[in-house]
Amino acid sequence: MSLIISNIALHFLSKIEETGEVQLRLGPEEIEQSQKITNFVDGLHGIYNAKGSKAYGSFTTSPAEGDAARFVDLMESYLNEQQSFYTFSCQAGNVLKNEIEKYDLAETGYLIICHYEYMGGRYLLAAIIPITEHYSVDGELNISADQHLDTNKLQLAARIDLFDYQQNAQGNRYISFIKGRAGRKVSDFFLDFLGCEEGLNAKEQTQTLVQAVEDYVSVNQLDATEKQKTRKDLLNYCKDQKASSQDVSIQELGKVIEPAGAESDFYQFCQEQSYPIEESFPHEQAVVNKITKYSGYGNGISLSFERSHLGEDVVYNPHNDSITIFKVPPNLKEQLLTLLANQTEDNSE
């Protein structure tokens, strides 16, 4: 396993319903490093990476209000060895507690702050992990209830790329955070806790990339087969980058997308057209996935097909708003034939 934990702290946030007071219960000063702890952080790292909708930003330059401490100043004190990691985590927990009280939220759960290394990168992860109650039955059929950390419901989390931050403090993407959740945006208080402002927009960058590829195959007048191959090359490259937690590089992509008959490579094309796109950036895979497929859902109907089938195996008639499908998938065909057979039997009775 390539994940190495430098420091980790765990604290608990709860709220007294009667008074609305938020309580911070501090965890142990030192969590003993073990394989279980490493596996836990490795799993949390994987869950965070798999979250599809993340945004990117940087620490705001605005001063703190009154005597309030800024997360970045507390973090710097730790990184510069002016205070211990545990002291830093306790101070950060109190900053978060104050933010929850300020917004009058009901957020509770375990605050985990972890400094770790993974695949040559150095990160600081801050997250609130919710609690879920579960039930178990013993050999005597006695039912008991207990609580566990529900990492799969992770929504309030941010990760700082420490290498990027220390080498490029003026950058706009060394902090990543999970964006959006039911009812409100995470930035309502969690980003205020971090003192973070949104910078690079990964979705817009990815949309620009997809449009650039579409323009590229169009300008070079590629045939249908070459167009689809180019789109799949983009899709596969982006999938590989996502799997390894690497940014998409336009220069690398120029070496991946090399259709026959193109007058220039993709990287050169992007430079000539002056697209508003970074040389490299973290992308949103969901946006790229749409480049090879058309899909939609509504009124109980879900439909998805490779875009190369449009006009051949799938024909859309805009005049009567209908779709005709030829070469019905075998598993769907089998279900339909069974349904027709059952209907015939019912009608004959």
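Residues numbered from 1 in each chain as written. Predicted model: local features only at pLDDT ≥ 70, side-chain atom pairs only at ≥ 80, totals over all residues. Heavy atoms only, no water.

Chemist: In this structure, what is going on with helix α2 (residues 71–79)? I would like to understand it.
Modeler: Note that an α-helix has 3.6 residues per turn; residues three or four places apart therefore point the same way. The element α2 is extensively covered by neighbouring structure, given that seven of its nine residues are classed as buried. Along α2, the residues that are buried comprise Phe71, Val72, Leu74, Met75, Ser77, Tyr78 and Leu79. (Buried < 20%, exposed > 50% of the residue type's maximum accessible area, 1.4 Å probe, protein only. Helix = DSSP H or I, 4+ residues; strand = E, 2+ residues; numbered from the N terminus.)

Chemist: What is the right way to read the pattern of salt bridges from this model?
Modeler: Between side chains of opposite charge, a pair can form when the charged atoms approach closely. Evaluated as defined, the whole model comprises six salt bridges. Residues Lys153 and Asp150 are paired through a salt bridge, measuring 3.8 Å at the closest nitrogen-oxygen approach. With a relative accessible area of 53%, Lys153 lands in the exposed category. With a shortest N-O distance of 2.8 Å, Arg231 and Glu214 are connected by a salt bridge. Separated by 17 residues along the polypeptide, Arg231 in helix α7 (residues 224–243) and Glu214 in helix α6 (residues 202–219) bring together distant segments of the chain. Across this residue pair, the class does not change: Arg231 and Glu214 are buried. (Salt bridge = Lys/Arg side-chain N within 4 Å of Asp/Glu carboxyl O.)

Chemist: Explain the nonpolar core here, please?
Modeler: Soluble globular proteins: nonpolar side chains tend toward being buried together. Grouped together as the largest cluster of nonpolar side chains are 37 residues, with contacts concentrated most on Phe71, Met75, Phe88 and Ile160. Among the nonpolar cores identified, the runner-up in size contains 25 residues, and Leu234, Cys270, Tyr275 and Phe281 belong to it. (Core = buried A, V, L, I, M, F, W, Y, C linked by side-chain atoms within 4.5 Å.)

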